[in-house]
Amino acid sequence: IDIYNENISKESIDEMAKILYLDGVIQNLENKYATEVTENSSNFSGGEKQKISLVRALVQKKNILLLDEPTSAMDDKSVKKFAEYLLSIKAHRIIIVVTHDIKIMDIADEIINLDSKQ
């Protein structure tokens, strides 16, 4: 999955993988975190690829986080856990989420509706 580098601890990646319910999937892979993920990888579902991308983004702990439809391929359990995580970090980061998912809109301090009908 090629997330590890000298600036990110294995523990941080493991913790994020657990938050996104990805740890079990990774542990079942022959090469664990060393498994290659490509856009056409058939060994991962769309939701798993999305979660891997989120792990890559979230473990970097940047001050600004821009997420585009981060829950589009997630099941309800994962969405709930992800929303809880965003709530836990939002006091220390600027988080911009582009979404249609009402379940994560609830955590927003401000919502900007771009629908021209409203």
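This structure is a prediction, so every number in the text was calculated from the model and none was measured. (Residues numbered from 1 in each chain as written. Predicted model: local features only at pLDDT ≥ 70, side-chain atom pairs only at ≥ 80, totals over all residues. Heavy atoms only, no water.)

S.K.: Describe in detail the nonpolar core, supporting the description with residues and values.
M.R.: The tendency in soluble globular proteins is for nonpolar side chains to be buried as a group. By size, the foremost hydrophobic cluster in this structure holds 27 residues, and its most contacted members are M16, L20, L54, V55, L58, F82 and L86. Per element, the largest residue contribution to this core is six residues, and it comes from helix α4 (residues 76-89). (Core = buried A, V, L, I, M, F, W, Y, C linked by side-chain atoms within 4.5 Å. Buried < 20%, exposed > 50% of the residue type's maximum accessible area, 1.4 Å probe, protein only. Helix = DSSP H or I, 4+ residues; strand = E, 2+ residues; numbered from the N terminus.)

S.K.: Before we move on, can you summarise the packing of aromatic side chains with the specific residues and values?
M.R.: This structure, assessed with the given rule, holds zero aromatic pairs. Seen from the ring of Y21, K77 lies directly overhead, with NZ or CZ sitting 4.7 Å from the centre. (Phe/Tyr/Trp six-rings, centres within 6.5 Å; stacked < 30°, edge-to-face > 60°. Lys NZ or Arg CZ within 6 Å of the ring centre and 35° of its normal.)

S.K.: Can you lay out the pairing of strand β1 (residues 64-68) for me, pointing to particular residues and giving the numbers?
M.R.: Each regular strand displays side chains that alternate between the two surfaces of the sheet. The alternating pattern of β1 places L65 and L67 on a buried face, while none of I64, L66 and D68, on the opposite face, is buried. For β1 and strand β2 (residues 94-98), the ladder comprises five bridges, and the chain directions are parallel. Paired with L65 across the two strands is I95, which belongs to β2. Between the parallel elements β1 and β2, the chain passes through α4 in a crossover that is right-handed. (Pairing = 2+ DSSP bridges. Right-handed = clockwise from strand over helix to strand, strands pointing away.)

S.K.: Tell me about the confidence of the model for the chain, and name the residues and values.
M.R.: Confidence in the prediction for the chain averages 82 pLDDT; 89% of positions are at 70 or higher. Taken element by element, the chain is modelled with least confidence in helix α2 (residues 23-27), mean pLDDT 82, and with most confidence in β1, mean pLDDT 92. (pLDDT = per-residue confidence, 0-100.)

S.K.: Before we move on, can you summarise α4 with the specific residues and values?
M.R.: With 14 residues, α4 ought to run about 20 Å at 1.5 Å a step, and its terminal C-alpha atoms sit 20 Å apart, in line with that. In this fold, the buried residues of α4 make contact with α1 (10-19), α3 (46-58), β1, β2 and α5 (102-105). Capping the start of α4, D75 holds a side-chain oxygen 3.1 Å from the backbone nitrogen of K77, two or three residues further along. (Expected span 1.5 Å × (residues − 1). Contact = heavy atoms within 4.5 Å. Polar contact = N/O pair within 3.5 Å; in protein donor to acceptor, adjacent residues only side chain to side chain.)

S.K.: So what's going on with the layout of surface pockets? Residues and values would help.
M.R.: Approximately 770 Å³ is the volume attributed to the largest pocket. Taken together, 21 residues form the lining of the largest pocket, with V97, V98, E110, I111 and I112 sitting closest to its centre. Those elements giving two or more residues to the lining of the largest pocket turn out to be β2 and α5. A total of five residues in the lining of the largest pocket trace back to one element, the largest contributor, which is β2. (1 Å grid on protein atoms, 1.4 Å probe; cavity = no way out; pocket = protein on both sides within 12 Å on 5 of 7 lines; lining within 4 Å. Points joined across faces, edges and corners; volume = space filled by probe spheres on them.)

S.K.: Can you tell me about the side chain of T71, naming the residues and giving the values?
M.R.: Inspection of the secondary structure assignment puts T71 in the loop between β1 and α4. Within the structure, T71 has its side chain in polar contact with the side chain of D101 (distance 2.7 Å). Dropping the residues within four chain positions of it, T71 is found in contact with Q50, V79, F82, T99, D101 and I104.

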